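# Structure assessment
If you want the building blocks of each chain, they are given just below.
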Amino acid sequence: MNRQTLIEQIRKKKSFLCVGLDTDITKIPTHLFATDDPVFEFNKAIIDATKDHTVAYKINTAFYEAQGLKGWISMGKTLDYIPKDIFTIADAKRGDIGNTAEQYAKTFFDTYPYDSVTVAPYMGKDSVEPFLQFPNKWAIVLGLTSNKGSHDFQLQPSGDGLLYEKVLTTVASWGSVDNTMFVIGATQKDQLERVRQLIPDHFLLIPGVGAQGGDMDTVAKTAMNKDVSILVNVSRAIIFAGNGMEFAEQAAKAAAGYGAQMKPYFK
Ligand SMILES: O=C(O)c1cc(=O)[nH]c(=O)n1[C@@H]1O[C@H](COP(=O)(O)O)[C@@H](O)[C@H]1O
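Residues numbered from 1 in each chain as written. Predicted model: local features only at pLDDT ≥ 70, side-chain atom pairs only at ≥ 80, totals over all residues. Heavy atoms only, no water.

- As annotated in an unreviewed UniProt entry, the protein carries the name Orotidine-5'-phosphate decarboxylase and is attributed to Taibaiella lutea.
- In its Sequence similarities (unreviewed entry) section, UniProt records this for the protein: "Belongs to the OMP decarboxylase family. Type 2 subfamily." (UniProt positions renumbered as here; feature names shortened; annotations may be inferred.)

Have a look at this one:
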């Protein structure tokens, strides 16, 4: 999906909600274990319940990889089930030397035809560039993450600024606003303004709202630009809003709640 189409989808739905399908098999409702693929049945119901409010789904591959072959099968079926007009993110946080990175890009752009994949830039340019070679595909590069560990390196001084600032401006020079997004944690509210000074036009994937305590309004007010250019991810607070027979209805309610919070930002 290209930038223009994504922006059109966001404006059409008056939403920048990304639902995270972090499907932890130990947390899905027990009645689903009567089916032959409980993880996929869970995801299918969540997608049906939330798709009207959602412009993107983010599949965190860790929860599927942990299940081995069956997990990869459930992931592939889930990706296939997501409506084609909704942006898809493989949250795989990949990064390696060039020839290996090419295999990762092939995995999440061809074998599993996601629109985008999250990438860790620690290994530098030759580890990110392979993800920038595919038309209408995106590298979503970790910039300033939502976790406490962001203070260990990302928020440390580097040259005349902070390390994450150098990452944003350097990585932004490797690609374009049409194939590079950045992960910026909603919990980093003091840095959001600085982020937009450095990268005013790039799409941002913003996790950390909901279970991690990030604030939707602060994010919207500070990070939205003329093309909106934000995808706010919510995983656990939506997909595990309930845990019984009514889990999908409760997920729908939670997604509608986040959707309602976004509406006022669309004139
Ligand atoms: O790359 C990510 O998606 C990510 C980056 C980051 O800095 N923080 C972060 O929470 N995430 C992911 O975003 C999701 C957040 O999940 P919830 O806290 O349940 O909404 C998880 O899949 C995380 O792996």
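## Focus on the pattern of salt bridges
- This model, assessed by the stated rule, comprises 9 salt bridges.
- Ionic pairing is found between lysine 93 and aspartate 91, a salt bridge with its closest N-O pair at 2.9 Å.
- Judged by its relative accessible area of 42%, lysine 93 is partly exposed.
- Look at the salt bridges and you will find they share partners, linking Arg3, Lys226 and Asp227 into a network. (Salt bridge = Lys/Arg side-chain N within 4 Å of Asp/Glu carboxyl O. Buried < 20%, exposed > 50% of the residue type's maximum accessible area, 1.4 Å probe, protein only.)

## Describing the packing of helix α2 (residues 38–50) against helix α11 (residues 247–262)
- At a closest axis distance of 8 Å, the pairing of α2 and α11 adopts a crossing angle of 40°. As judged from the angle between their axes, α2 and α11 are oblique. α11 is crossed by α2, and the crossing has right-handed handedness. Across the interface between the two elements, Phe42, Ala45, Ile46, Ala49 and Thr50 from α2 touch Phe247, Ala248, Ala251, Ala252 and Ala255 from α11.
- Among the residues forming the contact of α2 with α11, the class breakdown is 9 nonpolar, 1 polar and no charged. (Axes fitted to C-alpha atoms, helices over the stretch in contact; angles between N-to-C directions. Helix = DSSP H or I, 4+ residues; strand = E, 2+ residues; numbered from the N terminus. Parallel < 35°, antiparallel > 145°, perpendicular 65-115°, else oblique. Left-handed = near helix turned anticlockwise from the far one by under 90°. Contact = heavy atoms within 4.5 Å. Nonpolar A, V, L, I, M, F, W, Y, C, P; charged D, E, K, R; others polar.)

## Some thoughts on the site of the ligand
- Taken together, 17 residues surround the ligand, and among them Asp22, Lys58, Ser146, Gln212 and Arg236 come closest.
- Here an oxygen atom of the ligand sits 2.6 Å away from a polar atom, N or O, in the side chain of aspartate 22.
- Taking 510 Å² as the accessible area of the ligand by itself, protein coverage stands at 90%.
- Of all the elements in the fold, those that place two or more residues in the shell around the ligand are β2 (56–60), β3 (87–94) and β10 (230–234).
- Partitioned by chemical class, the residues of the shell around the ligand number 6 nonpolar, 6 polar and 5 charged. (Near = heavy atom within 4 Å. Polar contact = N/O pair within 3.5 Å; in protein donor to acceptor, adjacent residues only side chain to side chain. Areas by Shrake-Rupley, 256 points an atom, 1.4 Å probe, with all protein chains shown as cover.)

## Examining the UniProt feature "domain: Orotidine 5'-phosphate decarboxylase" (unreviewed entry) in the protein
- When the UniProt feature table is mapped to this numbering, "domain: Orotidine 5'-phosphate decarboxylase" (unreviewed entry) covers residues 16–251.
- For residues 16–251, the helix share is 35%, the strand share is 19%, and the end-to-end C-alpha distance is 17 Å.

## A few points about α2
- Taking 1.5 Å per residue, 13 residues should reach 18 Å; α2 reaches 18 Å between its end C-alpha atoms and fits that length.
- Where α2 is concerned, the buried positions are Pro38, Val39, Phe40, Phe42, Asn43, Ile46, Ile47, Ala49 and Thr50.
- As for α2, its buried residues are in contact with β1 (17–20), β2, α3 (62–65), α4 (69–81), α10 (236–239) and α11. (Expected span 1.5 Å × (residues − 1).)

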